[in-house]
Amino acid sequence: MIDFKNSDALISKLEDTIKNPIKVNKDDDLLVGVDLGTAYIVIVVLDKDKNPIACEMKFAQVIRDGLVVDYMGALNIVRELKKDIEEKIGARLTKAAIAVPPGTGEKDSKTHKYVVEGAGFEVTNTLDEPTAANAVLNILDGAIVDIGGGTTGLSIIENKEVVYIADEATGGTHLTLVVAGNYKVKFEEAEVLKTAKEKQDEIFPLVIPVIQKMASIINSHIKKYDIKEIYLVGGTSCLKGIEKVIENETGIKTIKPKNPFLVTPLGIAMNCKV
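Bear in mind the structure is a predicted one, so any value in this text is a computation, not a measurement. (Residues numbered from 1 in each chain as written. Predicted model: local features only at pLDDT ≥ 70, side-chain atom pairs only at ≥ 80, totals over all residues. Heavy atoms only, no water.)

*Asks:* Can you walk me through helix H9 (residues 260-270) in this structure?
*Replies:* Residue pairs three or four apart in sequence face the same way in an α-helix, which turns once every 3.6 residues. Of all 11 residues in H9, 11 are buried, a share of seventy percent or more. Residues of H9 that are buried include every one of Pro260, Phe261, Leu262, Val263, Thr264, Pro265, Leu266, Gly267, Ile268, Ala269 and Met270, and no others. (Buried < 20%, exposed > 50% of the residue type's maximum accessible area, 1.4 Å probe, protein only. Helix = DSSP H or I, 4+ residues; strand = E, 2+ residues; numbered from the N terminus.)

Listed below in structure tokens is the structure:
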């Protein structure tokens, strides 16, 4: 099993920069990752040595299942987050890496790129989300499963090389819809309920069937491979107990690092080329 000591320490540093971004020299080379997620848009900034400098995020519903459904909405949010970070750290952000769900077509990948370019970045790298996550986790063998707002994506890693990728609809949005239906509240209110720590034990039994669906997606894609461990990342993986359900359904040891939500955005930034 991978020791997440180093990656957890890096994630902790990134968490600190959400409230306390670090001032830099205006001419410093900075690595930027822009994560256009179904539920959140996140920008992570690192220095040239891959130390966290800043992190900004905003809840948004401008992406659906990896597809940009509100181009101007997405562009304006990225532009807003970029401006906020630049003011806080005292430097301009010029280059960025992006990531898309595994198997995203060229046309949809280009739309992600156009959004980020429209906000004032030069996009220097595009990669798939689970591969970005492995820049942080450094997994040699196993399956990285990225459960985001709209999809469950996975990469199978052998000898640190990606040998298979897949992505299917079913993610955090589907959990929120279950919560909304049960409590008879609007989607936005259900999203708040779902992520409230004090509500986790109450909500978890309601969403187990959706998690079991995610596990069936994983099972369908890993059956031809000798997978010993599954590693969870993505915002939905933050749900308390999700790893136990997936482990029970797959029969495979399932692990998640500290704050799975930040793993992929951090990995995207680490892959920025300057």
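*Asks:* How do you make sense of the environment of Gly251 when you look at a structure like this?
*Replies:* Position of Gly251 among the secondary structure elements: in the loop between helix H8 (242-250) and strand E12 (253-255). Look at Gly251 and you get exposed, because its relative accessible area is 67%. Residues Gly251 and Lys160, spaced 91 residues apart in sequence, show a C-alpha to C-alpha distance of 23 Å.

*Asks:* Please clarify how the layout of surface pockets should be interpreted in this entry.
*Replies:* Where empty space is left can be seen by rolling a probe of water-molecule size over the atoms. In this model, the largest pocket occupies a volume close to 1200 Å³. Along the wall of the largest pocket there are 44 residues; nearest its centre are Ala39, Tyr40, Gly235, Thr236 and Phe261. Elements represented by at least two residues in the lining of the largest pocket include exactly helix H1 (5-19), strand E1 (30-36), strand E2 (40-47), strand E3 (52-59), strand E4 (63-64), helix H5 (172-183), helix H6 (187-195) and H9. Tallied by class, the residues present in the lining of the largest pocket amount to 16 nonpolar, 19 polar and 9 charged. (1 Å grid on protein atoms, 1.4 Å probe; cavity = no way out; pocket = protein on both sides within 12 Å on 5 of 7 lines; lining within 4 Å. Points joined across faces, edges and corners; volume = space filled by probe spheres on them. Nonpolar A, V, L, I, M, F, W, Y, C, P; charged D, E, K, R; others polar.)

*Asks:* I keep staring at a nonpolar patch on the surface and nothing clicks. Help me out?
*Replies:* On the surface, Tyr71, Met72 and Tyr114 cluster together to form a nonpolar patch covering roughly 300 Å² of accessible area. With respect to the helices and strands, the residue Tyr114 is situated in helix H3 (residues 106-118). (Patch = residues over 30% accessible without salt bridge, like charges linked within 9 Å, V, L, I, M, F, W, Y side chains within 5 Å. Areas by Shrake-Rupley, 256 points an atom, 1.4 Å probe, with all protein chains shown as cover. Salt bridge = Lys/Arg side-chain N within 4 Å of Asp/Glu carboxyl O.)

*Asks:* Looking at this structure, I do not really get the sheet that holds E12. What am I missing?
*Replies:* Two modes of strand pairing occur in sheets, parallel and antiparallel, and in both the strands are linked by backbone hydrogen bonds. Strands sit in the order E10-E9-E8-E11-E12 across an open sheet of 5 strands; the sheet is mixed. The strands lining the two open edges of the sheet, one partner per strand, are strand E10 (161-169) and E12. On average, adjacent strands in this sheet sit at an angle of 20 degrees to one another, irrespective of strand direction. Pairing between strand E8 (residues 142-147) and strand E9 (residues 151-158): 6 bridges, direction antiparallel. Each bridged residue has a counterpart across the sheet, and for Ala143 the counterpart in E9 is Ile156. On the sheet, helix H7 (residues 200-222) packs against E8, E9, E10 and strand E11 (229-233) and is oriented at approximately 35 degrees with respect to E9. Contacts from H8 reach E8, E11 and E12 within the one sheet, and its direction differs from that of E12 by about 160 degrees. (Pairing = 2+ DSSP bridges. Axes fitted to C-alpha atoms, helices over the stretch in contact; angles between N-to-C directions. Contact = heavy atoms within 4.5 Å.)

*Asks:* So what exactly am I meant to see when it comes to the packing of H1 against H9 here?
*Replies:* Packed helices, taken two at a time, are described by the angle between their axes plus the distance between the axes. It is the contact of H1 with H9, at a shortest axis distance of 11 Å, that shows an interaxial angle of 95 degrees. By the angle class used here, H1 and H9 are roughly perpendicular. In contact with Leu10, Ile11, Leu14, Glu15 and Ile18 of H1, H9 contributes Leu262, Val263, Leu266 and Met270. Broken down by class, the residue content of the contact of H1 with H9 amounts to 8 nonpolar, no polar and 1 charged. (Parallel < 35°, antiparallel > 145°, perpendicular 65-115°, else oblique.)

Purely geometric numbers; function is a separate question.
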